[in-house]
Amino acid sequence: DTSMSSSSTNAVQNKVVNTALGTKENVSNKVTALSANSTDTQYPSAKLVYTELAKKQNNLTIDTAMSSSSTNPVQNKVVNAALGTKENVSNKVTALSANSTDTQYPSAKLVYTELAKKQNNLTIDTAMSSTSTNPVQNKVVNTALGTKENVSNKVTTDSYTSGDTTKYPSILTAEAIANTAVAATKSGLESLTERVAANEGVIDTLGTLAYEDTVTSALITDGAVATVDIAGSAVTTAKIADSNVTTAKIADKAVTAGKTSGVIGKIPSGSATASTYADIWVE
């Protein structure tokens, strides 16, 4: 025979046998123990392999968490969980379209390109608007905020520092302060009215109640005191300075005989008659 056969009983050529034997291990190369002197020509028995693998399996440490430094194998489920947090490279896209999905993810270059397009086409408002949906400049927002009161400055009680121009009251607080002031003013006016009605005093130039001796001549405007303002018999002799009643102040025929005493004056001889000086009396 010119080839090996599992059924032929014929003799087989030498070269065929030699070739077949060349594919077999030499039994002399079988070893039943391993050492540092083992060679690539030798081969282990099945029992030796089993024994050595059992040793390794018993001494093997299998990690239960991923590590960047461990050289041990890691549990299958740990690897599977770690892979679950990673994107599949097949989902990376380098272009966007209406057909893009949430499963896909863009490359860094694609994101940069698309942002550059938006930035170039972006309109930034330079003034506040109640209708625009565009972003607005930082300084415009800052200026707008500067015209608003800080809520931290709002006070809700009537306890405040006089002259403070930073704080501001709530509506209810302002109303309470106003009501307090109105009540105080009303009370003061009622007291003033009662004192005037009781003739306790007069109203001075500052609008406050004062007693009569506080109203000086300087506070009365010339010609402002009318006849009706002077009580009957109120102007006494002591109130009229000597030599201050002039002829112009005396009405014609106002000085009667009962108001004179002694000689009024000398009448030159021959210059008076009964008709012209009928109104001159002497006692």
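Look a little higher up for the structure.
The notes below deal with the structure included here. Along each chain, residues carry numbers from 1 onward, in the same order as the chain's sequence is written. For a predicted model such as this one, the threshold for reporting local features is a pLDDT of at least 70, and the threshold for listing and counting side-chain atom pairs is 80 or more; totals across whole chains, interfaces and linings nevertheless cover every residue. Side-chain calculation: all heavy atoms of the structure are included, whereas hydrogens and water are not.

## Focus: helix α4 (residues 108-121)
Reasoning step 1: For helices the rule is a DSSP run of H or I covering at least 4 residues; for strands it is a run of E covering at least 2, with both sets numbered from the N terminus onward. Expected span of a helix: the number of residues minus one, times 1.5 Å. Along its 14 residues, α4 runs 20 Å from first to last C-alpha, staying within 8% of the 20 Å computed at 1.5 Å per residue.
Reasoning step 2: Along α4, only one of the 14 residues are buried, which leaves the element largely exposed. Buried, partly exposed and exposed residues are distinguished by accessible area as a fraction of the type maximum, computed with a 1.4 Å probe on protein chains only: under 20%, between the cut-offs, and over 50%, respectively.

## Quick look at the side chain of N29
Reasoning step 1: Position of N29 relative to the elements: it lies in the loop between α1 (14-22) and β1 (30-31).
Reasoning step 2: Contact definition: two residues touch when any of their heavy atoms are within 4.5 Å. Contact partners of N29, with chain neighbours within four places excluded, come to T41, Q42 and Y43.

## Description of the environment of T166
Reasoning step 1: Along the chain, T166 turns up in the loop between β5 (154-155) and β6 (168-169).
Reasoning step 2: T166 sits in the partly exposed class, given a relative accessible area of 42%.
Reasoning step 3: A C-alpha to C-alpha distance of 6.7 Å links T166 and N153, two positions 13 residues apart in sequence.
Reasoning step 4: Once you skip the residues sitting within four places of it in the chain, T166 turns out to touch E149 and N153.

## Points about a nonpolar patch on the surface
Reasoning step 1: Patches here are clusters of residues that have more than 30% relative accessible area and form no salt bridge, with a 9 Å joining cutoff for like charges and a 5 Å cutoff for nonpolar side chains (Val, Leu, Ile, Met, Phe, Trp, Tyr). Values of accessible area rely on a 1.4 Å probe in the Shrake-Rupley scheme; residue burial ignores everything except the protein chains shown. Salt-bridge detection follows one rule: a side-chain nitrogen of Lys or Arg within 4 Å of a carboxyl oxygen of Asp or Glu. Taken together, the side chains of I220, V225, I230, V235, I240, V245, I250 and V255 make up a nonpolar region of the molecular surface, amounting to roughly 640 Å² of accessible area.
Reasoning step 2: Here I250 shows up in the segment after β8 (209-210).
Reasoning step 3: For I250, a relative accessible area of 37% gives the class partly exposed.

## A look at the side chain of D63
Reasoning step 1: Secondary-structure assignment places D63 in the loop between α2 (46-59) and α3 (76-84).
Reasoning step 2: Although D63 is buried, it forms no salt bridge, and the closest oppositely charged side chain is K77 at an N-O distance of 14 Å.
Reasoning step 3: Under this definition, polar contacts are N or O atom pairs within 3.5 Å; protein pairs additionally need one hydrogen-donor-capable and one acceptor-capable atom, and for neighbouring residues in sequence, both atoms have to be side-chain atoms. A polar contact of 3.4 Å, which involves the side chain of D63, links it to the side chain of N72.
Reasoning step 4: Among residues more than four places away in sequence, those in contact with D63 are S70, N72, P73, V74 and Q75. Just so you know, the count uses Lys and Arg for positive and Asp and Glu for negative, and it drops His and the chain ends.

## As for the environment of L96
Reasoning step 1: For L96, the location among the structural elements is in the loop between β3 (92-93) and β4 (105-106).
Reasoning step 2: Linking L96 and E114, residues 18 residues apart in sequence, is a C-alpha distance of 8.9 Å.
Reasoning step 3: Those residues in contact with L96, other than ones at most four positions away along the chain, are L110 and E114.

## With respect to the pattern of salt bridges
Reasoning step 1: Under the defined criterion, the tally for this structure stands at two salt bridges.
Reasoning step 2: Between E52 and K55 there is a salt bridge, and its shortest N-O distance comes to 3.4 Å. Placement of both E52 and K55 in helix α2 is noted, with a separation of three residues, approximately one turn of the helix.
Reasoning step 3: A salt bridge links K117 to E114; its shortest N-O distance comes to 3.4 Å. Of this pair, K117 and E114 both sit in helix α4, three residues apart, roughly one helical turn.

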